[in-house]
2 protein chains.
Amino acid sequence: MSRKNEHTRTRILKAALALLESGTAVRMSDIARAAGISRQALYLHFPNRADLLIAATRYLDEISDTDTKLAASRSARRGTERLDAYIEAWGNHIPEVYGVARALLAMRDSDAEAATAWTNRMAAMREGCEAAVWMLARDRDLNPRYGEDQATDLLWTLLSVRGWELLRLECGWSQEAYVAEMKVVARAVLLPPPGGRD
Amino acid sequence: MSRKNEHTRTRILKAALALLESGTAVRMSDIARAAGISRQALYLHFPNRADLLIAATRYLDEISDTDTKLAASRSARRGTERLDAYIEAWGNHIPEVYGVARALLAMRDSDAEAATAWTNRMAAMREGCEAAVWMLARDRDLNPRYGEDQATDLLWTLLSVRGWELLRLECGWSQEAYVAEMKVVARAVLLPPPGGRD
DNA sequence: TGTCAACTTGACATCGTGTCAAGTCAATTG
DNA sequence: CAATTGACTTGACACGATGTCAAGTTGACA
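Residues numbered from 1 in each chain as written. Chains lettered and ligands numbered in written order. Predicted model: local features only at pLDDT ≥ 70, side-chain atom pairs only at ≥ 80, totals over all residues. Heavy atoms only, no water.

**Q** Got a minute to help me understand the UniProt feature "domain: HTH tetR-type" (unreviewed entry) in chain A in this structure?
**A** This chain's UniProt record puts "domain: HTH tetR-type" (unreviewed entry) on residues 6-64 of chain A. The span residues 6-64 of chain A shows a helical share of 78% and a strand share of 0%, and its end C-alpha atoms are spaced 19 Å apart. (UniProt positions renumbered as here; feature names shortened; annotations may be inferred. Helix = DSSP H or I, 4+ residues; strand = E, 2+ residues; numbered from the N terminus.)

Structure representation (structure tokens):
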């Protein structure tokens with residue numbers, strides 16, 4: 001029945017997400033066990049591991065109201081405000097999706113589907129950067145050194161999951177420090193230099 | 001005989017490095033074929049894949065005179081000079097080691113040895129950042145907002161292989177642009193803001 | 001001539017993903 | 001009530017990659 005089917009499906013996704021949060025390697029059999037079904041039954045719901053992970057990502061977007069949080073930055077009037085709001089929203093979004101993002105990133109080399117899924121997500125994230133940069137440019141608050149594309153590239157790289165990983169996990173920064181410093185760094189890079197030097 | 005042994009060993013390492021440059025996945029059998037020996041013979045020279053990759057990294061350090069290039073930045077007198085020199089040296093070093101770095105990074109999750117090897121390399125690279133930051137601080141050229149540790153964390157993250165990967169490969173920046181912009185970005189972040197704002 | 005080191009071939013274990021076949025069990029439907 | 005259908009189970013198996021093991025071959029050197 002579709003009812004029970006859906007129920008099992010979300011149980012699988014929840015189990016997968018929970019396991020992925022732990023940071024250790026997660027096999028199909030682990031997910032099955034955690035979801036309380038047989039390994040083979042996973043394949044009744046998802047054709048392969050990549051699809052399962054991608055579905056888990058989407059499910060995560062649903063339950064944590066990703067769109068809403070990122071949309072909030074859209075109400076900003078000034079570019080600088082929007083930049084801050086976007087960094088705040090995205091920066092605090094990363095830890096929530098990091099588990100599944102990591103798994104997807106690891107599959108990238110071996111699985112074309114996983115690679116595409118990740119690329120799409122990063123393209124979506126880039127749009128947020130682009131919008132902030134555009135607004136900065138409109139306000140004449142963009143460092144004249146950079147075109148909008150180049151500035152977007154920089155911001156996009158600055159806010160990458162990998163960058164978060166390094167500062168937060170390798171360097172041991174707190175989440176608050178990460179967000180706060182990314183705001184400062186982004187401004188230092190993207191806004192025109194105050195003294196007119198450079 | 002040790003002579004021929006060494007010869008085969010370096011042939012393996014050269015073959016491995018050449019294959020890793022291509023960016024595609026590289027199996028033990030690929031390396032063996034490229035080196036002109038049987039797959040099993042690889043294990044006469046290296047106990048496992050991780051060790052082979054680590055040896056390849058070291059070999060690469062030898063043939064491209066890594067130490068010399070990075071040491072050049074040590075002759076700088078001022079912190080700002082040293083920062084530029086280090087970014088120049090490291091930034092141009094990344095593309096040379098990227099192939100093997102990528103393979104090592106991919107093994108990280110599954111192989112403790114690979115993880116340690118990578119961590120060590122990044123620790124060494126961090127020392128370069130630390131030295132540049134220290135010299136900036138000595139010259140009173142470090143943004144007062146940051147302690148030396150924090151500034152080192154930022155520079156280290158800024159110059160990460162992953163960051164290079166994003167700007168160079170995903171965004172399509174030229175190597176020259178990458179190095180040039182990293183210098184600008186590092187200065188914008190690490191030096192005191194010229195107008196005293198912020 | 002005999003030994004030894006470097007290498008070969010071929011078989012095999014292990015692990016994880018993914019597939020296939022046959023069967024259980026409960027709810028739905030004619 | 002009987003037949004069907006859908007969700008799931010168990011068990012076996014193929015595949016690709018790493019790594020191991022055993023039994024040769026080959027060439028150099030003593």
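**Q** Just to check I follow, could you spell out the domain arrangement of chain A for this structure?
**A** One frequent convention defines the size of an interface as the accessible area lost when the parts assemble. All names here are of chain A. The domain architecture assigned to chain A consists of domain 1 (2-46) and domain 2 (63-190). On a C-alpha basis, the centroid separation for the pair domain 1 and domain 2 is 29 Å. Each partner contributes to the interface: domain 1 provides 4 residues, whereas domain 2 provides 5 residues. Across the interface of domain 1 and domain 2, roughly 350 Å² is buried in total on both sides, 65% from carbon and sulfur atoms. If you sort the residues of domain 1 by the area they bury against domain 2, L17, L20 and G23 come out on top, with a joint share of 81%. Applying the counting criterion to the domain 1 and domain 2 interface returns 0 salt bridges. (Domains from an automatic or database assignment. Contact = heavy atoms within 4.5 Å. Buried area = accessible area lost by both parts, 1.4 Å probe. Salt bridge = Lys/Arg side-chain N within 4 Å of Asp/Glu carboxyl O.)

**Q** Whenever I open this one, the protein's contact with DNA strand D confuses me. Can you help?
**A** The environment of DNA strand D is formed by 18 residues, the closest being T8, S38 and H45 of chain A together with R39 and R49 of chain B. Interatomic distance of 2.6 Å between a side-chain N/O atom of S38 of chain A and a phosphate oxygen of DNA strand D. Interatomic distance of 3.4 Å between a side-chain N/O atom of Q40 of chain A and a base oxygen of DNA strand D. At the level of secondary structure, the elements contributing two or more residues to the surface near DNA strand D comprise α1 (2-21) and α3 (39-45) of chain A together with α3 (39-45) of chain B. The element contributing the most residues to the surface near DNA strand D is α3 of chain A, with 4 residues. Here the surface near DNA strand D is built from residues that sort into 7 nonpolar, 8 polar and 3 charged. (Near = heavy atom within 4 Å. Polar contact = N/O pair within 3.5 Å; in protein donor to acceptor, adjacent residues only side chain to side chain. Nonpolar A, V, L, I, M, F, W, Y, C, P; charged D, E, K, R; others polar.)

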